[in-house]
Amino acid sequence: MQTGLAQRLHSIRKRHGLTQRELADLSGVSKSLISKIEQGVVTEPQMATVHKVARALRMNTSTLLNGAPQTEEEEPPIDTGVWEPVERALHGKMPAPQEAPSLPEVRAQIDGLKPLLAANRYGEVAALLPTLIRDVDALGGEGRAVRSRLFNITGWLCVQLRRWERAEAPIRLAIDAAEDRLDAAASAATLAWMYLRMGRLTEARELATRWADDIEPRFSRASAAELAMWGRLLISVSSAAVRDNRPGEAEDAIRLARAAAVRIGREVESDSSTHRTFGPVTVAMVVAENAGIIDHYDKVLSIADRIPGNLLNGDSAGRNRHRLDVAMALHATGKPAEAMAVLEDIYRTSPEWLVAQKYARQILAGLLMRRRTLPASTRHLADALRVPY
């Protein structure tokens, strides 16, 4: 039975006067896969596939999807059980603390989460969240600012681990609790990132654009924090636009983000809750990511060669995401051994992060198709990422 996407693709292709073979040649997607999508056999193709087909049809990805609930990532297969206490805490169902917490103590504990987030030790962060949420609630109005930051961390972590159903509520609570417009904008950036990862491209782009317009700084007197937050939102605009086949809008947004990064001149913290940074290196990595989206893999590798390895935490989520782009580019340009080495090194340093990335599974699956025999390290990686071989 045809799905909405199947019917739309069939109709739009026919209106363009294209056969399935011609669309396959234009998009780089196999004729077999296009046929299966139109027949409704494949009902939820990868976002990268839909993007390539939409680009070949000269239309926006979101228009082709037409609001269908497509996601870039699937739900993680294993729930470690740490999220039930977090949900109880968010709903105020934790026992009251035996001793009244102090604001400085709670603030210090929240700041202590940043190194754990930077090291991708998500299970440890999740285990600490229930008590921290309870203590922030106990502070009442005095703890409004730390409440906003803690809820942003909670939402950010849920997005990082693709737990969409748990993410939006704490993010919106963080926006509501924020006393500072930059804290509110940081949480809005987290929400835009969630929409982006879910494939809700129009919502991501419009939300990030609205907040970027709202906090747009005056360059002559803006602080580094203001420029960094504005730049972070513009990155979200560019990332959503390039995936939605809006190359002009994507380039305009990244140009403004680059101007903010140049003005700052270094990598700085882009919000006061998570470990996210913004600066010239961050912008360069996003430019590389955008290039990969449109299959300009030589550009990805050229940019990667120019990024100093010592300016960011080498194991941070942002740096690891860039390294996946590099692995994909190496794979696409005929360097499978180098691509595999990148994946294995990320797994060695950041296993908790890597196993949550469907993008990594896609790259590894492509690499394994060309291998007749696998060394033990590759088999171990395939098992960890749940890629059949």
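Fair warning: this is a prediction, and the values are worked out from it, not measured in the lab.

## Remarks on the nonpolar core
Counting 127 residues, the largest nonpolar core has Leu64, Leu157, Phe278, Leu324, Leu354 and Leu364 as its most contacted members. Once residues within four sequence positions are removed from consideration, Leu354 is found in contact with Leu324, Leu343, Ile346, Tyr347, Ala360, Leu381 and Leu385.

## Some thoughts on empty space enclosed by the protein
Taken as a whole and assessed by the stated rule, the structure comprises 1 cavity of 30 Å³ or more. Estimates place the volume of the largest cavity at around 30 Å³. Elements represented by at least two residues in the lining of the largest cavity include exactly α10 (144–160) and α12 (181–198). Here the lining of the largest cavity is built from residues that sort into 1 nonpolar, 5 polar and 2 charged.

## Brief notes about α10
Counted at 1.5 Å a residue, the expected span for α10 with its 17 residues is 24 Å, and the 24 Å between its end C-alpha atoms agrees. The element α10 is largely enclosed, with a buried count of 13 among its 17 residues. Just downstream of α10, Arg162 is the residue with a positive phi angle, here 60°.

## Comments concerning helix α6 (residues 83–90)
Here α6 has its buried residues at Trp83, Val86 and Ala89. Down the axis, α6 shows its buried residues gathered within 120° of arc, on one side only. Elements in contact with the buried residues of α6: α9 (122–139), α10 and α11 (164–177). Note on α6: the residue one or two positions beyond its end, Gly92, has a positive phi of about 70°.

## Observations concerning the environment of Leu113
As for its position among the elements, Leu113 is in helix α8 (residues 113–118). A relative accessible area of 1% places Leu113 in the buried class. With 193 residues separating them in the primary sequence, Leu113 and Arg306 have C-alpha atoms 31 Å apart. The residues touching Leu113, leaving out its near neighbours within four places in the chain, are Val125, Leu128, Leu129, Leu132, Leu150 and Ile153.

## Remarks on the environment of Phe151
Within the element layout of this structure, Phe151 appears in helix α10. Spatially, the C-alpha atoms of Phe151 and Ser32 are 45 Å apart, while their sequence positions differ by 119 residues. Excluding residues that lie within four positions of it along the chain, Phe151 makes contacts with Leu90, Ile133, Pro170, Ile171, Leu173 and Ala174.

## Examining the confidence of the model for the chain
In this model, the chain carries a mean pLDDT of 89, and residues with pLDDT of at least 70 account for 93%. Of the regions scoring below 50 in pLDDT, residues 67–78 engages in 40 contacts with residues more than four places distant in sequence or in other chains.

## Notes on the packing of aromatic side chains
Counted according to the given criterion, the structure contains 3 aromatic pairs. Judged by centre distance (5.7 Å) and plane angle (90°), the ring pair of Phe219 and Trp230 falls under edge-to-face. Of this pair, Phe219 sits in the loop between α13 (201–215) and α14 (224–243) while Trp230 sits in helix α14; the two residues are 11 residues apart in sequence, bridging distant segments of the chain.

## Overview of the environment of Glu165
Summarising the element assignment, Glu165 is placed in helix α11. What makes Glu165 exposed here is its relative accessible area of 54%. A distance of 2.7 Å separates polar atoms of two side chains, one belonging to Glu165 and the other to Arg166.

## Focus on the packing of helix α19 (residues 336–349) against helix α22 (residues 376–385)
Relative orientation of the contacting elements α19 and α22 amounts to 65°, with a least axis distance of 11 Å. For the pair α19 and α22, the crossing hand works out as left-handed. Facing Met340, Leu343, Glu344 and Tyr347 of α19, the residues of α22 in contact are Ser377, Thr378, His380, Leu381 and Ala384. A class-by-class count of the residues in the contact of α19 with α22 yields 5 nonpolar, 3 polar and 1 charged.

Cut-off values and rules
Per chain, residues are indexed from 1 in the order of the written sequence. At least 70 in pLDDT is required for a residue's local features to be given in this predicted model, at least 80 for side-chain atom pairs to be given and counted, and no such filter applies to totals for whole chains, interfaces and linings, which use all residues. With hydrogens and water stripped out, all remaining heavy atoms of the structure feed into the side-chain values. Buried Ala, Val, Leu, Ile, Met, Phe, Trp, Tyr and Cys residues that are joined via side-chain atoms within 4.5 Å together make up what is termed a nonpolar core. The cut-offs for exposure are 20% and 50% of the maximum accessible area for each residue type, with area from a 1.4 Å probe on protein chains only; residues under the lower value are buried, those over the upper are exposed, and the others partly exposed. It only takes one pair of heavy atoms within 4.5 Å for two residues to be counted as in contact. Only protein atoms enter the calculation, which uses a 1 Å grid: trapped sets of points that fit a 1.4 Å probe without letting it out are cavities, open sets showing protein on both sides within 12 Å along at least five of seven lines are pockets, and any residue with an atom within 4 Å of a point is a lining residue. Grid points are joined across faces, edges and corners, and a volume is the space filled by probe spheres set on the points. By the criteria applied, helices consist of DSSP H or I runs no shorter than four residues and strands consist of E runs no shorter than two, each listed in order from the N terminus. We call Asp, Glu, Lys and Arg charged. Ala, Val, Leu, Ile, Met, Phe, Trp, Tyr, Cys and Pro are nonpolar, and the rest, Gly among them, are polar. Given the number of residues in a helix, its expected span is that number minus one, multiplied by 1.5 Å. This arc corresponds to the set of directions leading from the helix axis out to the C-beta atoms. Across the chain, each position has a pLDDT score giving the predictor's confidence in that residue, from 0 to 100. Paired rings are identified among Phe, Tyr and Trp, the last through its six-membered ring, by centres lying within 6.5 Å, and are further divided according to the angle between planes into stacked (under 30 degrees), edge-to-face (over 60) and tilted (the rest). Polar contacts here mean pairs of N or O atoms no more than 3.5 Å apart (in protein, one a potential hydrogen donor and the other a potential acceptor; neighbouring residues in sequence count only if both atoms are side-chain atoms). Between N-to-C directions, angles cover 0 to 180 degrees, with each direction set by a line fitted to C-alpha atoms, over the stretch in contact for helices. Less than a right angle of anticlockwise turn of the near helix away from the far helix marks a crossing as left-handed, whereas a clockwise turn marks it as right-handed.

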